[in-house]
Amino acid sequence: SSAACECPPGYYASNQFSKSNCSVCGTDHFCSGGRQRQVCRPGSSTGVLLRAATADECACNVQDGSPGRKAVLWAPGSKALDCSCGSGYYHLNDAGRESCEVCPKPGVRCAGGFLQNASWGYAADSHYPPVSDVGHFMVGYDSAEACSVNIEGKSVCRGGVPFGATEPQCEVGHTGLLCGACQAEYTRDRGGQMYCQPCERLGSATLMIIMTNVDLIMKSGWSLVLGHRALCKRDGGALDNVIFRIMMQWMAVNAVLGQFKLNEVNLYGWSQDKLQAQLKANEESGEEVSPDEEYLLRLFKYPKWFNDVWGTLYAWAGSLPDINMGTNQEVIECLAVKRWGGGNDEAAMVIKNLMPVIWWVIYPLLVMMWLAILLILLAKVGYPIFLRAKAKVKAKIQNYLISKGAHPDTVQLCFRGLTDKKLAEASEEFPGNMTQPDELLDLFGSRICAEILAKIVWDNGGEEHMTENGHEKVELEDFIQHILDQDDSSPALAKVKELGAKGMFAKMKLAFTDKVQFAGWIMELMDENIKEKEEAEEEAAKEASEKKKKEEEQPNNNAAASASSAEASKEVPSVGAAEADHATQGLLAEAKAPEPGTPASAAGG
């Protein structure tokens, strides 16, 4: 019979046709009889036993002698089923040396024992491999990295999968290392800060094309605004240019910082030293810190106040309605898959990665194209509309000023030199700003203000007062303009100048609140000025009269002086002749006089 041809337990048939060919099972094998010979489970051996009949006779012969380890020891004589790692440890075969290693933390979970069924590409009864924890991704047989992508606070990394497994480690829509990539019909644009969302939320392909063009128009329009503000720098637009540049730099820095998670950065060296001392003190006091807790202690932590503020802001932002407008990158990726994906995931991924590259290469050219289109539209459509609106505003302000007493010619002259910026300022608060003397002066100058204020004075008692005194309205306008110009050519105007700009504007505000009081103030000043002027004229006339009188008296004085000079000139020669005669007679007398010692008779003879 066939049973007679089978070998007993502890033996196996080296020749299937003869019982006499039954051989001893041998070392590290067990034979249940018959023709089969099986190898002991890894990590076990029959030792000196050569006729093992069951797997239980294969004893564990591997010990974990590493100091400080808390793995289950494999003692000789134990059953084969005990040759596995306990919970919290995993089996490692390092170049033939098998051992139980402490489960690496964080992110790795080690159940120990054996697999009951074949799974993840491992056969049944294999050592249970290390698997990823929830929120982590296996990057090696015994190492894992944390995933940064979350959906409503839950990580897209499912966990519970060993390294190299064919089963997906990611939630639907995510794929790749650390679940950091999106599947073909899913997209996102901010790396680890945002989970992948289906392309269906962006709508049809036509809508996506419209969205890309809207983005191009916005970018070209922004370029147009920046260029305009740069050109307007000479008109005082430097401040907003600085603000624009600061804002753009701030956005660029935040775009970079947004890719980092500071709460996953290790502490600096001095903080590590302080933490190490704390852990040592805890160990000496008997307080144990788990590997997970120690790992978290070594990471950077935000201050509590920052976490509270950020949590409030996040909660507030979460209450805002969700607007499913995709970014350029998302729209281009989804549009590529919809238009050219062809239903093949592999081909769709190639197109999805290629089209954004092409898009961003030609993106500056597309912005320039739309910028040229906007410039043409502005020149052909926008500028004519602006001119009409400008003319309408200008006419409205002109009519108002003329109705208040300004002369049309003066208004036209002032508007000729009025810039578009000033005109825009005048129209923003019209007509309230027309009642502000300082704004009127700033916009149109003193001539228009003088005419308007003169009209107010004229209509509130000034006309009767001035006509009675023989003055005209133009004199009033000139006088008020002197006031506006802060002239101090007369004592009355000097008093106004002493008021200063604020005092002058405070007085002139009366023109729009208490017109009668303002008119009285102006007429009083003008009367004083006229009086001073008349007094000055009288004084000047008096001085002129005295000067004329002096000039009339001057010729008579000159004639008298000339006559005196003539008489004096006539008397001078007669005196000279007398003196000459006297001198001659003197000489003759000397000649006739006797020498000293000469007798008187001789002298007489």
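Residues numbered from 1 in each chain as written. Predicted model: local features only at pLDDT ≥ 70, side-chain atom pairs only at ≥ 80, totals over all residues. Heavy atoms only, no water.

Participant: Pulling in residues and values, what's your account of the state of the cysteines?
Facilitator: Under the defined criterion, the tally for this structure stands at seven disulfides. A disulfide bridge connects Cys 182 with Cys 196, and the sulfur atoms are separated by 1.9 Å. Residues Cys 182 and Cys 196 share a disulfide whose torsion about the S-S bond is about -85 degrees; that sign makes it left-handed. Here the residue Cys 182 occupies a position in strand 16 (residues 181-182), and Cys 196 occupies one in the loop between strand 17 (186-187) and strand 18 (197-198), the gap between them amounting to 14 residues. Of the two residues examined, Cys 182 and Cys 196, each falls in the buried class. Linked covalently through their sulfurs, Cys 199 and Cys 334 form a disulfide whose S-S length is 2.0 Å. An S-S torsion of about -75 degrees defines the bridge between Cys 199 and Cys 334 as left-handed. In this pair, Cys 199 sits in the loop between strand 18 and helix 1 (205-231) while Cys 334 sits in helix 6 (residues 328-340), placing the two residues 135 residues apart along the sequence. (Disulfide = S-S within 2.5 Å. Helix = DSSP H or I, 4+ residues; strand = E, 2+ residues; numbered from the N terminus. Buried < 20%, exposed > 50% of the residue type's maximum accessible area, 1.4 Å probe, protein only.)

Participant: Would you mind going over the packing of aromatic side chains in detail, with residue names and values included?
Facilitator: Throughout the structure, instances matching the rule amount to six aromatic pairs. Taken together, a centroid distance of 5.0 Å and an interplanar angle of 55 degrees make the contact between Trp 360 and Tyr 363 tilted. Of this pair, Trp 360 and Tyr 363 are both found in helix 7 (residues 345-403), three residues apart, which corresponds to roughly one turn of the helix. A connected cluster of aromatic rings, assembled from ring pairs, spans Trp 359, Trp 360 and Tyr 363. (Phe/Tyr/Trp six-rings, centres within 6.5 Å; stacked < 30°, edge-to-face > 60°.)

Participant: Hey, could you go over the nonpolar core for me, with residue numbers and the actual values?
Facilitator: In this structure, Leu 401, Phe 444, Leu 476, Ile 480 and Phe 518 are the most contacted members of the largest nonpolar core, which totals 44 residues. Top element by residues in this core is helix 11 (residues 446-468). It accounts for ten residues. Excluding residues within four positions of it along the chain, Phe 444 makes contact with Ile 397, Leu 401, Cys 414, Phe 415, Leu 418 and Met 434. Counting eight residues, the second-largest nonpolar core is a separate cluster that includes Ala 205, Met 211, Cys 334 and Leu 335. (Core = buried A, V, L, I, M, F, W, Y, C linked by side-chain atoms within 4.5 Å. Contact = heavy atoms within 4.5 Å.)

Participant: Break down the pairing of strand 11 (residues 136-140) for me, with residues and values.
Facilitator: The buried fraction of strand 11 is high, at four of five residues. Pairing of strand 11 with strand 12 (residues 143-146) involves four bridges; the strand directions are antiparallel. Looking at the pairing, Phe 137 lines up with Glu 145 of strand 12. Between the end of strand 11 and the start of strand 12, which pair antiparallel, lie two residues. (Pairing = 2+ DSSP bridges.)

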